[in-house]
Amino acid sequence: MLIPTLREMPSDAQVISHALMVRAGYVRQVTAGVYSYLPLANRVIEKFKTIMREEFDKIGAVEMLAPALLTADLWKESGRYETYGDDLYKLKNRDQAEFILGPTHEETFTALVRDSIKSYKQLPMNLYQIQAKYRDEKRPRNGLLRTREFIMKDGYSFHANYDSLDEAYEAYRQAYEAIFTRAGLDFKGIIGDGGAMGGKDSQEFMAVTPDRTDLDHWVVLDKSISSLDEIPEDVLAQIKDELNKWLVSGEDTIAYSDQSGYAANLEMATSLYKPSQAATTQEELTKVSTPDCKTIDDVSAFLNVDEGQTIKTLFFMADDQPVVALLVGNDQVNDVKLKNYLGADFLEPANEDQAKEVFGANFGSLGPVGLPQEVTIIADRKVQDVANAVAGANQDGYHLTGVNPGRDFSPKDYVDIREVKEGEPSPDGQGTLKFARGIEIGHIFKLGTRYSDSMGANILDENGRSIPIIMGCYGIGVSRILSAVIEQHARLFVNKTPKGAYRFSWGINFPKELAPFDVHLITVNTKDQVAQDLTANLESQLVKAGYQVLTDDRNERVGSKFSDSDLIGLPIRVTVGKKAAEGIVEVKIKATGDTIEVNAQNLLETLTILTKEA
């Protein structure tokens, strides 16, 4: 079998999953953002596909396969050909007809159902596929976590009414939870953003990245070391350095309550807000000189006011229209919340020239008072609680004091557009918000009629009226699962030599449902015919009993075999060694590092017990 393990971690890897996938011979890069899935990785992916298919069968989802090479006409119908962005692979054939490589397949499935389904009686319809997708990532990185070609499960449901969509959405939510639980993942279902998919309600599923400071999670001790407490301080420091060498994977931050089930992507997270009931006499609006004050901290220090008494003015262009976002003090704007509220396709910070044209001032002196009518003002909900605030005067080097919302400026709306902070109260009033890093592994959306409206996908309802089909969309990043599992199940094995020295080695501790094989069967001495015969006999018994067995009968040093075994990460290792003539083999449980000697005749019984306990 092609398992090209490496003696050292690859120098270009920054996250542990990428490093171990390459070192353990799971993947090899073909070009930037494009990987070959070698036999071990392919077996993991196929096992995950089996789990998905079993759970989707339970909810009536039917598998099919659409092409990856798509006509651009469909994307022009939906409007996404121009709005999707630079990640879309666009190409032409020899006849100059325009095509794309599919990053996702809403348009393809919508057109298929539009041309095939004519009546509400033929719905609901629930279809999915497992297929390679293509996105021209500007900067592919971190192994399979950010690639240009990736494997994805994308599913689409079609409905005559929203009650039916709600049922399918809930069925998928439960199916996803079952799939990720069976895959051995620590995950959270969180409130998510629909983004370029055009979704309304949506939920993300995030694999939580383990905390680097949690040594009990990361470190597996050999049987000669009773606990971490016994390890000398200098060795513990080395272990911590080894863990901190690797970046924390996951490009998303999860905000979750420490006392309830609330969890959301940081882009969508909110915290408990209680309007202020304080009554304050409004002061006169006064312009004051604030030389060289460009930031909230500068202004607060110069005027000796709390930063909570200042209003920050941020200037954006939303679909080429000027928009001002107002926040209190050093609160940070959440671009996604603002973009979603505006319903904009494009939202980007304005430049200095645009600010000068609209405000008559440069950044650092912008404020909400006296703006032209064509400027839309959106204020965070906390802004309405600030009385007699300080804000930019729209004149370089000056600010206004005594600024009061409602009197001196009138926002279009007060809405939550700020980024939450760790330690704030959970929006459900239960506990406080904690942050964790996560890898997005799944996302479900209620698309509604976003695509059926633009593409004319209609059916006749029970009254004979033409209505748009209602849609849901359900994705799982299949190739990302491999990275997520390894991120959570990578382990640093710590061994103590007979002379008292400590040795560290990285390996994978695969959960049993996704492990490429169930058992790693190793012959220590391939020149020992008794050991060879016993190995062959055990392999035959194990396979007959339903185990998937990887037998290492290479003519290699036993140290290399054991090192490769730790890297590959199969749940059980059976070693046929020096006691082969006595019919004794050694069984090692990867998850704990424990080893036991077993009579070969009792091996199946022992493995049955061990796998049940696991």
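The paragraphs below set out a description of the structure included in this document. (Residues numbered from 1 in each chain as written. Predicted model: local features only at pLDDT ≥ 70, side-chain atom pairs only at ≥ 80, totals over all residues. Heavy atoms only, no water.)

**Remarks on the pattern of salt bridges**
To be explicit about the condition: Put simply, a salt bridge is a Lys or Arg side-chain nitrogen that is within 4 Å of an Asp or Glu carboxyl oxygen. For the exposure calls, accessible area comes from a 1.4 Å probe over protein chains only, and a residue counts as buried if that area is under 20% of its type's maximum, exposed if over 50%, partly exposed in between.
Summed over the entire model, instances satisfying the criterion amount to 34 salt bridges. Notably, a salt bridge pairs Glu137 with Arg146, separated by 3.3 Å at the nearest N-O pair. Exposure remark for Arg146: the relative accessible area of 23% places this residue in the partly exposed category. Put simply, Glu54, Glu55, Lys58, Arg182 and Glu513 are held in one network by salt bridges that share partners.

**Examining a negative patch on the surface**
This is how the line gets drawn: Surface patches are defined over residues having more than 30% relative accessible area and no salt bridge, joining like charges when they lie within 9 Å and nonpolar side chains (Val, Leu, Ile, Met, Phe, Trp, Tyr) when within 5 Å. Note that accessible areas follow from Shrake-Rupley with a 1.4 Å probe, and for residues the cover is restricted to the protein chains shown. Charge counting treats Lys and Arg as positive and Asp and Glu as negative, with His and both chain ends excluded. For this purpose, a charge sits on NZ of Lys, CZ of Arg, CG of Asp or CD of Glu. We count a stretch as a helix when DSSP gives it H or I for four or more residues in a row; a strand needs E for two or more, and each element gets its number in order from the N terminus.
Together, Asp211, Asp214, Asp216 and Asp229 give the surface a local cluster of negative charge. Mapped onto the elements, Asp229 comes out in the loop between β11 (219-221) and α8 (233-244). Classification of Asp229 by relative accessible area gives exposed; the value is 76%.

**A closer look at unusual backbone geometry**
Of the consecutive residues Leu123 and Pro124, the connecting peptide bond is found in the cis state with omega at 5°. Here Gln96, not a glycine, exhibits a phi torsion of approximately 70°, which is positive. Relative to the elements of secondary structure, Gln96 occurs in the loop between β5 (89-92) and β6 (98-101). Take Gln96: its relative accessible area is 53%, and that puts it in the exposed class. In the Ramachandran plot, Asn142 falls in the positive-phi region, its phi being about 55° despite a non-glycine side chain.

**With respect to the packing of helix α1 (residues 16-23) against helix α13 (residues 478-489)**
When two helices pack together, their arrangement is given by the angle between their axes and by how far apart the axes lie. Where we set the bar: Where helices are involved, their axes are fitted lines through C-alpha atoms of the stretch in contact, as for all axes, and angles between N-to-C directions lie from 0 to 180°. For classification purposes, angles smaller than 35 degrees are called roughly parallel, those larger than 145 roughly antiparallel, those between 65 and 115 roughly perpendicular, and all remaining angles oblique. Only heavy atoms enter the contact rule, under which two residues are in contact if any of them lie within 4.5 Å. For this classification, Asp, Glu, Lys and Arg are treated as charged, while Ala, Val, Leu, Ile, Met, Phe, Trp, Tyr, Cys and Pro are nonpolar and the rest, including Gly, are polar.
Interaxial distance between α1 and α13 falls to 8 Å at its minimum, and their mutual angle equals 105°. One way to sum up the angle between α1 and α13 is to call them roughly perpendicular. Taking contact as the criterion, the partners of Ile16, Ser17, Leu20 and Met21 in α1 are, on α13, Leu482, Ser483, Ile486 and Glu487. The residue inventory of the contact of α1 with α13, partitioned by class, reads 5 nonpolar, 2 polar and 1 charged.

**Focus on the pairing of β6**
As a reminder of what qualifies: Think of it this way: DSSP has to see at least two bridges between two strands before they count as a pair.
Both strand β4 (residues 69-71) and β6 contribute to a ladder of 3 bridges, which runs antiparallel. Across the sheet, the residue bridging to Leu69 is Leu101, located in β6. Across 4 bridges, the pairing between β5 and β6 is antiparallel. What sits directly across from Tyr89, in β6, is Leu101. Connecting β5 to the antiparallel partner β6 that follows it, the hairpin turn spans 5 residues, and Gln96 within it adopts a positive phi of roughly 70°.

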